[in-house]
Amino acid sequence: MKIHEYQAKELFGEYGLPVQRQEVAADAKTARAAAERIGGEVVIKAQVLVGGRGKAGGVKLVDSGAEAERKAGDILALTIKDLPVEKVLIAPAAEILQEYYLGMILDRGSKTIVLMVSAEGGVDIEELAVTFPEKIHQLAINPVAGIDAPALRSVLSAAFPVPQLREQAEDTVYKLYRLFLEKDCSLVEINPYAKVDGEQLLALDAKVNFDDNALYKHPELERFKNPEEYSEDEIEARNNGLSFVSLDGTIGCIVNGAGLAMATLDIVKLYGGDPANFLDVGGSSNPEKVLNALRIILGNPKVKAILINIFGGITRCDDIANGILMAMDQIDIKVPLVIRLIGTNDVEGRRLLVDRGFRVAERLSDAVEQVVKQV
Amino acid sequence: MSILIDDNTQVIVQGITGRDGSFHAKTMLADGTKVVAGVTPGKGGSEMEGIPVYNSVAEAQLAHRIDASVIFVPAKFASAAIREAADAGVPLIVCITEGVPVLEMLENYYYVGEKGVRLIGPNCPGLISPGKCKIGIMPLRIHRPGGIGVISRSGTLTYEVVYNLTAAGLGQSTCVGIGGDPIIGTGFIDLLALFENDPDTTGVVLIGEIGGEDEEAAAQYIKDNMSKPVVAFVSGRSAPAGKRMGHAGAIISGGKGTAEAKVRAFTEAGVAVAEKPDEIPGLLHGRS
């Protein structure tokens, strides 16, 4: 789960991390009032769940209430990488003397939590990692052993040679690590971690991602959920127990199992088609799930044909066939369906469908070839 | 021969009275696996299809030699089940459960390592040596005994690959689903080493997907250490960045974990990469 900067900063505040006073507004008038309450020069920042806000014109400095209202209005009218800006964050404009970077991520390869520190923050850290990898200092934290204090000091000294600043950064890292573990994060990032007037380090931006598998342990994070993280059909699919990602193409896909679903999309592309979605109906073979899957896919006007690819294991092919027939009776399917069934109870499943006039393939390549021809 | 399991492997099922546990315990038994006991706390003393049920792994261990345990408990209890089996010294633990929190898995990884036992999974279909033993949920009938080792991050995609192997007359020594999560107990490299040393394995199919860099590491390992032919397949070539494609581990983040990078790594290591599962048998024939 991803959350907005203002939400991440709220969480940072709970952990005693150095954040500024902030207000959030969903309309220009409220933004103006917030700017006037804060007083002086303020920054107005678009709250969207993607990077690159600055370049898209989503971050503006203003020094009056009237200007705040105007600029906030402009920002709230923006759409950044397909996401409409619905809220802005208003905070005091900070006089930045230097920008650093602090981040923590779960590293699958080394099976540790890796802390990344750089004295060159403010830029795209992934770009920096490619162009100047030596400018990012790293510390691998074994979760069983915890943070090795001398090793942390030495890593931080590379970016913060001044002891006073290093101590502040050290305090920030310990708090960030506690947040990472306690809230089951997969990523926390402060960029920029900025030195401002008075030799003080502040988190001027904040990014936190949570592990979806662990959300059940954290009812307190419920309030941070943003429906716009997922498209409408993705949410509907999730409510129906389906794993779904919308894509841009014209061929709707229904597959059982995530790996086979991904491979099916790849093969559709290989044959010159363009998949409209990733959809995994999961391991169980409830006919209702197939019906719901078809309904969601048919809700997408771009879909010109549908490919159903089932390799029965726990999933029974006759249940899938019954789901398809149920859908035929309940919804008007105007696009061609291409079906491939194999595995548990495939003979029964195929018979059910053939009796109703469907052609059912056995080989995946054949099915893909057929569906691509339909669009 | 086979790796990890053979026809003497005695298996217990943790979560045997649950919906999935009971169904698959019965199926494994019917498929010829020596399922000697089941564990469900509070249900000790009962029986499930003639399989004795115990309250704990330790209790089951008093009455049976346990070579492997397979876990079907819900995600909330999976970590405790893994640790219970590890504490009892069960040498092979297979966790089928999907949805285990990643930080818990990180700790479990070190925990089982310290106990000196092997964990497969979580979020995996298990493993099978056709004709000898099946610990997991894969359909037996698509498999044939033979010389191909299969290692995969996926479930149904593995079935697709195995189906194509069997159809082409290529049986399997052992097929292992390592799981689709970011942190898993046993990775590609551990299993490649076992297959390299298994006299009955003549070639290996490695099925990877987007996310992480384990395939890249495996490619390097194959180049440096494997004499047997390896054919790879990588799914997710058409996946958009930043979206989790079903598996918790299948996500392209920060430009890393792309299918292109993995395919490139395999190609550079001299490993043939199939574009579709039905190309795999031909590529294996061409190499072995």
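Now for a quick tour of the structure. (Residues numbered from 1 in each chain as written. Chains lettered and ligands numbered in written order. Predicted model: local features only at pLDDT ≥ 70, side-chain atom pairs only at ≥ 80, totals over all residues. Heavy atoms only, no water.)

## Overview of the environment of A:Lys2
(1) Moving on: Here A:Lys2 lies in the segment before helix 1 (5-14).
(2) Moving on: Here A:Lys2 falls in the partly exposed class, since its relative accessible area comes to 30%.
(3) Moving on: Sequence separation between A:Lys2 and A:Cys253 is 251 residues, and the spatial gap between their C-alpha atoms is 26 Å.
(4) Moving on: Residues contacting A:Lys2, with those up to four places away along its chain left out, are A:Leu49, A:Val208, A:Asn209, A:Asn226, A:Glu229 and B:Gly242. (Helix = DSSP H or I, 4+ residues; strand = E, 2+ residues; numbered from the N terminus. Buried < 20%, exposed > 50% of the residue type's maximum accessible area, 1.4 Å probe, protein only. Contact = heavy atoms within 4.5 Å.)

## Let's talk about the sheet that holds strand 1 (residues 23-25) of chain A
All names here are of chain A.
(1) Moving on: If you trace the four strands from one edge of the open sheet to the other, you get 1-6-2-3, paired in antiparallel fashion. For this open sheet the edge positions go to strand 1 and strand 3 (59-62), each flanked by a neighbour on one side alone. Within the sheet, the average angular offset between the axes of one strand and its neighbour, ignoring direction, is 25 degrees.
(2) Moving on: Sheet analysis places strand 2 (residues 42-46) next to strand 3, joined by four bridges and oriented antiparallel. In the strand pairing of strand 3, Ile44 is matched with Lys60.
(3) Moving on: Sitting on the sheet, helix 1 touches strand 1, strand 2 and strand 6 (88-92), and the angle it makes with strand 6 is about 50 degrees.
(4) Moving on: Taken strand by strand, helix 2 (residues 28-38) contacts strand 1, strand 2 and strand 6, and its axis lies near 15 degrees from that of strand 6. (Pairing = 2+ DSSP bridges. Axes fitted to C-alpha atoms, helices over the stretch in contact; angles between N-to-C directions.)

## Regarding the interface of chain B and chain A
(1) Moving on: Between chain B and chain A, the contact holds 52 residues from the first and 54 residues from the second.
(2) Moving on: The junction of chain B with chain A conceals about 4200 Å² of combined surface from both sides, 62% of it contributed by carbon and sulfur atoms.
(3) Moving on: Linking chain B with chain A are four salt bridges.
(4) Moving on: Residue assignment for the side of chain B that touches chain A shows that the elements contributing at least two residues are helix 4 (102-115), helix 5 (156-167) and strand 13 (230-235) of chain B.
(5) Moving on: Ranked by residues supplied to the side of chain B that touches chain A, first place goes to helix 4 of chain B with six residues.
(6) Moving on: The residue inventory of the side of chain B that touches chain A, partitioned by class, reads 24 nonpolar, 14 polar and 14 charged. (Buried area = accessible area lost by both parts, 1.4 Å probe. Salt bridge = Lys/Arg side-chain N within 4 Å of Asp/Glu carboxyl O. Nonpolar A, V, L, I, M, F, W, Y, C, P; charged D, E, K, R; others polar.)

## Comments concerning the sheet that holds strand 4 (residues 51-54) of chain B
Residues and elements named next belong to chain B.
(1) Moving on: An order of 3-4-2-1-5-6-7 is seen for the seven strands of this open sheet, with the pairing classed as mixed. Looking at strand neighbours, the two that pair on one side only are strand 3 (47-48) and strand 7 (118-120), the edges of this open sheet.
(2) Moving on: Across five bridges, strand 1 (residues 10-14) lies against strand 2 (residues 34-39) in parallel orientation. Bridged to Gln10 within strand 2 is Lys34.

## Some details on empty space enclosed by the protein
(1) Moving on: Taken as a whole and assessed by the stated rule, the structure comprises three cavities of 30 Å³ or more.
(2) Moving on: Put simply, the largest cavity is a space of about 70 Å³.
(3) Moving on: Taken together, A:Ile267, A:Arg340, A:Arg363, A:Leu364, A:Ser365, B:Glu160, B:Tyr163, B:Asn164, B:Lys276, B:Pro277 and B:Asp278 make up the full set of residues lining the largest cavity.
(4) Moving on: Of all the elements in the fold, those that place two or more residues in the lining of the largest cavity are helix 12 (364-373) of chain A together with helix 5 of chain B.
(5) Moving on: If you tally residues by element for the lining of the largest cavity, the top one is helix 5 of chain B, at three residues.
(6) Moving on: Of the residues belonging to the lining of the largest cavity, the class tally is four nonpolar, two polar and five charged.
(7) Moving on: Roughly 60 Å³ of internal volume is contained in the second largest cavity.
(8) Moving on: Taken together, B:Pro125, B:Gly126, B:Met138, B:His143, B:Ser154, B:Thr158, B:Tyr159, B:Val162, B:Cys175, B:Val176 and B:Gly177 form the lining of the second largest cavity.
(9) Moving on: Of the residues contributing to the lining of the second largest cavity, the split by class is six nonpolar, five polar and no charged. (1 Å grid on protein atoms, 1.4 Å probe; cavity = no way out; pocket = protein on both sides within 12 Å on 5 of 7 lines; lining within 4 Å. Points joined across faces, edges and corners; volume = space filled by probe spheres on them.)

## Brief notes about the packing of aromatic side chains
Residues and elements named next belong to chain A.
(1) Moving on: All chains considered together, the criterion is met by five aromatic pairs over all chains.
(2) Moving on: Ring centres of Phe160 and Tyr193 lie 6.1 Å apart, and the angle between their planes is 80 degrees; on these two criteria the pair is classed as edge-to-face. In this pair, Phe160 sits in the loop between helix 5 (149-159) and helix 6 (163-182) while Tyr193 sits in strand 10 (residues 185-196), placing the two residues 33 residues apart along the sequence.
(3) Moving on: Owing to a relative accessible area of 1%, Phe160 belongs among the buried residues under this scheme.
(4) Moving on: Here a set of aromatic residues connected by ring pairs shows up, and it is made of Tyr100, Phe160 and Tyr193.
(5) Moving on: Residue placement shows Arg238 over the ring face of Tyr230; its charged tip is 4.2 Å from the ring centre. (Phe/Tyr/Trp six-rings, centres within 6.5 Å; stacked < 30°, edge-to-face > 60°. Lys NZ or Arg CZ within 6 Å of the ring centre and 35° of its normal.)

## Some words on unusual backbone geometry
What you tend to see is this: most non-glycine residues have negative phi, and most peptide bonds are trans.
(1) Moving on: Put simply, A:Asn191 and A:Pro192 share a cis peptide bond, and its omega is 10 degrees.
(2) Moving on: A cis amide bond links B:Gly121 with the next residue in sequence, B:Pro122, at an omega value of 10 degrees.
(3) Moving on: As for its placement among the helices and strands, B:Pro122 is situated in the loop between strand 7 and strand 8 (126-129).
(4) Moving on: Backbone geometry places A:Lys81, a non-glycine residue, at a positive phi of 45 degrees.

## Here we look at the packing of helix 8 (residues 258-270) of chain A against helix 12 of chain A
All names here are of chain A.
(1) Moving on: Contact pair helix 8 / helix 12: the axes reach a minimum separation of 9 Å and the direction vectors enclose 55 degrees. Classed by the angle they form, the pair helix 8 and helix 12 counts as oblique. The handedness of the crossing between helix 8 and helix 12 comes out as right-handed. Packed against helix 8, whose contacting residues are Thr264, Ile267 and Val268, the element helix 12 presents Leu364, Val368 and Val372 at the interface.
(2) Moving on: Taken together, the residues of the contact of helix 8 with helix 12 break down into five nonpolar, one polar and no charged. (Parallel < 35°, antiparallel > 145°, perpendicular 65-115°, else oblique. Left-handed = near helix turned anticlockwise from the far one by under 90°.)

## A closer look at the side chain of A:Asp266
(1) Moving on: For A:Asp266, the position within the fold is in helix 8.
(2) Moving on: Of the side chains bearing the opposite charge, B:Arg237 lies closest to the buried A:Asp266, which forms no salt bridge; the N-O distance is 5.1 Å.
(3) Moving on: Polar contacts involving the side chain of A:Asp266 include one to the main-chain amide nitrogen of B:Gly236, which spans 2.6 Å.
(4) Moving on: Once you skip the residues sitting within four places of it in the chain, A:Asp266 turns out to touch B:Val234, B:Ser235, B:Gly236, B:Arg237 and B:Ser238. (Lys, Arg positive; Asp, Glu negative; His and termini not counted. Polar contact = N/O pair within 3.5 Å; in protein donor to acceptor, adjacent residues only side chain to side chain.)

## Concerning the packing of helix 7 (residues 214-225) of chain B against helix 8 (residues 259-268) of chain B
All names here are of chain B.
(1) Moving on: Interhelical geometry of helix 7 versus helix 8 gives an angle of 0 degrees and a closest axis separation of 8 Å. In this view, helix 7 runs roughly parallel relative to helix 8, as classed from their interaxial angle. Between helix 7 and helix 8, the residues in contact are Asp214, Glu215, Glu216, Ala219, Ile222 and Lys223 and Ala261, Lys262, Ala265, Phe266 and Glu268, respectively.
(2) Moving on: Residues that form the contact of helix 7 with helix 8 fall into these classes: five nonpolar, no polar and six charged.

## Remarks on the pairing of strand 11 (residues 200-203) of chain A
Residues and elements named next belong to chain A.
(1) Moving on: Direction of pairing for strand 10 relative to strand 11: antiparallel, over a ladder of four bridges. Each bridged residue has a counterpart across the sheet, and for Val196 the counterpart in strand 11 is Gln200.
(2) Moving on: The antiparallel pairing of strand 10 with strand 11 creates a hairpin that spans three residues between the two strands, and Gly198 there sits at a positive phi of about 85 degrees.

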